[in-house]
Amino acid sequence: MRQRVGAPMLVQDISTRTAPMDTPPLHRRSLLRAGVCLALAPWLAPAASFAAPERARLSIAVPQLADMAQLPLVVADSLGFFRAAGLEISWVEGDGAGEVGVGPYEQILQAQGRGPMHQAFVSLGRAPGLALGFASRAMPQARQVSDLRGRRVGVAASGSTAHLMLQTLSLRAGLAPSEWQLVALGGSAGAIQALRAGQVDALCWGEPVMTLLEQRGELRIAGEARTLKGAEAVFGGPMPGVCLHATQAFVLRNPATCQALATGVVRALRWLQTAGPRDILRTVPEPYLMGDLGLYLAAFERVRESYSTDGLISAEAGRTALRALAALEPGMRAERIDLTRSYTNAFARLAGERGRA
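1. Re the nonpolar core
Item 1. If you look at the biggest cluster of nonpolar residues, it comprises 53 residues, and the most contacted ones within it are Phe121, Leu244 and Leu261.
Item 2. No other element matches the ten residues that helix α10 (residues 255-274) contributes to this core.
Item 3. In this view, Leu244 contacts Ile60, Leu73, Val100, Gly101, Val102, Gln119, Ala120, Phe121, Val122, Leu124, Leu261 and Val265; residues no more than four positions away in its chain are not counted.
Item 4. The next biggest cluster of nonpolar side chains, apart from the first, holds 39 residues, and it includes Ala142, Leu166, Ala231 and Ala324.

Laid out in structure tokens, this is it:
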């Protein structure tokens, strides 16, 4: 049974509703469920062959499950992939601490040498899934990043991937970070409210927030890292998205637990590669859909390419993240960062191999 710690911070705007899709008759639902079971059959026996997790109950700290960067976790939870691997997950949303964390890969690099060594052991994304947009009311004539001079730009938190993306884009446009004001907004509901209240002039944020604001004419997209091409244009190479990580000591002490988590995530990533609209709407909890099914599906299609296909982090992606950080943090000694200790692909690779067996 899934447990959740704390109330989820959800997007509150549900003023525009789309009528729900036709509900299949009961016998069709049974057939659909049977079809899902058949599709997952290759995973069932391999999952059973792994050692039992050392930690049958586990807490995972995640910023917001409603954000689409975390969709693979929602899928793995909703479809029982973690449960099948022997895990009962408690989600700690917001600023709480968990035994395992969910966050951007580059933050692991930033923290290296400042405390216990953390290691990413399965990747959810192969692109950050973010976009930069100008508020239509505050910046009606703005068309380029240099137009941010003197403006207030909202991100989730200082030091986040959105902050890194914003700094990278502004420097490329000849705009020093000191020429615009960063505003940390926390959750998605706060970001929407801040833009509408005129507290920020632009946002660098993820989905489904950016599609919601864009479709309602409240924001215009000025740059994106929601696709592989977009992320490479921003960061100069492949840029990893969020990942599951834990202290290196935890990974060493709990390899079967990390394997179970990686197996659940890799199953979810593969499911997302072929999932259709009805699959998404049946799997994602209703509160996350923002009361607008069409809008949620449109947002999903914009970030679909950003999800990893195999849970792996490439060496090139690691170098891109380190290069981006070093360019923006003059005091950072990039040569002292050990990329080989910042991630392991052993668990995701084994999950993929067993899934194909």
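2. Quick notes on the pairing of strand β7 (residues 152-155)
Item 1. Where β7 meets strand β8 (residues 181-184), four bridges bridge the pair, whose relative direction is parallel. The residue bridging Val155 from the neighbouring strand is Ala184, located in β8.
Item 2. Taking the sense of rotation as the criterion, the β-α-β connection linking β7, helix α5 (residues 161-172) and β8 turns out right-handed.
Item 3. Sheet topology note: the β7/strand β9 (residues 202-206) ladder contains two bridges and is parallel. Along β9, the bridge assignment pairs Val153 with Ala202.

3. A word on helix α8 (residues 228-235)
Item 1. Within α8, the full set of buried residues consists of Gly230, Ala231, Val234 and Phe235. All buried residues of α8 fall inside an arc of 110 degrees around its axis, so they share one side. Facing away from the buried side of α8, by more than 90 degrees, are the exposed residues Lys229 and Ala233.
Item 2. For α8, the secondary structure elements touched by its buried residues are α5, β10 (219-225) and α13 (315-328).
Item 3. Once α8 finishes, Gly236 follows within two positions and takes phi at roughly 80 degrees, a positive value.

4. A short note on the confidence of the model for the protein chain
Item 1. With 86% of its residues at a pLDDT of 70 or more, the protein chain shows a mean pLDDT of 86.
Item 2. For the stretch residues 1-48, pLDDT sits under 50, and the model shows 75 contacts to residues farther than four places along the chain or on other chains.

5. Considerations on the environment of Leu244
Item 1. Along the chain, Leu244 turns up in strand β11 (residues 242-247).
Item 2. The exposure class of Leu244 is buried, given its relative accessible area of 0%.
Item 3. Spatially, the C-alpha atom of Leu244 lies 6.1 Å from that of Phe121, the residues being 123 residues apart in sequence.

6. Side note on the packing of aromatic side chains
Item 1. Per the counting criterion, the structure on display carries four aromatic pairs.
Item 2. A centroid spacing of 6.1 Å and a plane angle of 75 degrees characterise the contact between Tyr105 and Tyr343, whose relative ring orientation is edge-to-face. In this pair, Tyr105 is assigned in helix α4 (residues 105-111) and Tyr343 in the loop between α14 (339-342) and α15 (346-356), connecting sequence segments 238 residues apart.
Item 3. Under the relative-accessibility criterion, Tyr105 is labelled buried at 0%.
Item 4. Aromatic pair Phe121 and Phe347: ring centres 6.2 Å apart, planes at 80 degrees, arrangement edge-to-face. Of this pair, Phe121 sits in strand β5 (residues 118-123) while Phe347 sits in helix α15, and the two are 226 residues apart along the sequence.

7. Section: the pairing of strand β6 (residues 130-135)
For a regular strand, the rule is simple: side chains alternate between the two faces of the sheet.
Item 1. Within β6, six of the six residues are buried, leaving the element largely enclosed by the surrounding structure.
Item 2. Across five bridges, the pairing between β6 and β9 is antiparallel. Bridged to Ala131 within β9 is Trp205.

8. With respect to the packing of α5 against α8
Item 1. The geometry of α5 relative to α8 is characterised by a closest axis approach of 9 Å and an angle of 60 degrees between their N-to-C directions. Looking at the two axes, α5 sits oblique to α8. Of the residues in α8, those in contact with Leu164, Met165, Thr168, Leu169 and Arg172 of α5 are Ala233, Val234 and Phe235.
Item 2. Looking at the contact of α5 with α8, its residues break down into six nonpolar, one polar and one charged.

9. Some details on the sheet that holds β10
Item 1. The sheet built from five strands is open, its strands ordered β8-β7-β9-β6-β10 with mixed pairing. Either end of the sheet is taken by a strand with one partner, and the two such strands are β8 and β10. On average, each strand axis in the sheet is tilted by 25 degrees relative to the strand beside it, whichever way the strands run.

10. Notes on the environment of Leu65
Item 1. Mapped onto the secondary structure, Leu65 falls in the loop between β2 (57-62) and α2 (71-78).
Item 2. The class of Leu65 is buried, set by a relative accessible area of 3%.
Item 3. Spatially, the C-alpha atom of Leu65 lies 8.5 Å from that of Trp91, the residues being 26 residues apart in sequence.

Definitions and cut-offs
Every residue gets a number counted from 1 within its own chain, in the order that chain's sequence is written. Since the coordinates come from a predicted model, pLDDT governs what is reported: local features require at least 70, and pairs of side-chain atoms require 80 or more to be given and counted, while whole-chain, interface and lining totals use all residues. Here the side-chain values reflect all heavy atoms present in the structure, with hydrogen atoms and water set aside. Joining through side-chain atoms within 4.5 Å is the link that ties buried Ala, Val, Leu, Ile, Met, Phe, Trp, Tyr and Cys residues into a set, and such a set is a nonpolar core. Relative accessibility thresholds used throughout: buried, under 20% of the residue-type maximum; exposed, over 50%; partly exposed, between the two (1.4 Å probe, protein chains only). Labels follow the DSSP assignment, with helices taken as runs of H or I lasting at least four residues and strands as runs of E lasting at least two, numbered in each case from the N terminus. By definition, residues are in contact when any of their heavy atoms lie within 4.5 Å. Each pair of strands is called paired provided DSSP finds at least two bridges between the two strands. With the strands aimed away from the viewer, a crossover counts as right-handed if its path from the first strand over the helix to the second runs clockwise. The arc under discussion is defined with respect to the helix axis, by the directions toward the C-beta atoms. Confidence per residue, as judged by the predictor, is encoded in pLDDT with a range of 0 to 100. Only centres within 6.5 Å qualify two rings of Phe, Tyr or Trp (six-membered ring in Trp) as a pair; their planes then separate them into stacked at under 30 degrees, edge-to-face at over 60, and tilted for everything else. Each axis is a line fitted through C-alpha atoms, and for a helix only the stretch in contact is used; angles between axes span 0 to 180 degrees, taken between their N-to-C directions. In this scheme, roughly parallel covers angles under 35 degrees and roughly antiparallel covers those over 145, while 65 to 115 is roughly perpendicular and the rest are oblique. Polarity classes work like this: nonpolar for Ala, Val, Leu, Ile, Met, Phe, Trp, Tyr, Cys and Pro, charged for Asp, Glu, Lys and Arg, and polar for all others, with Gly in that last group.

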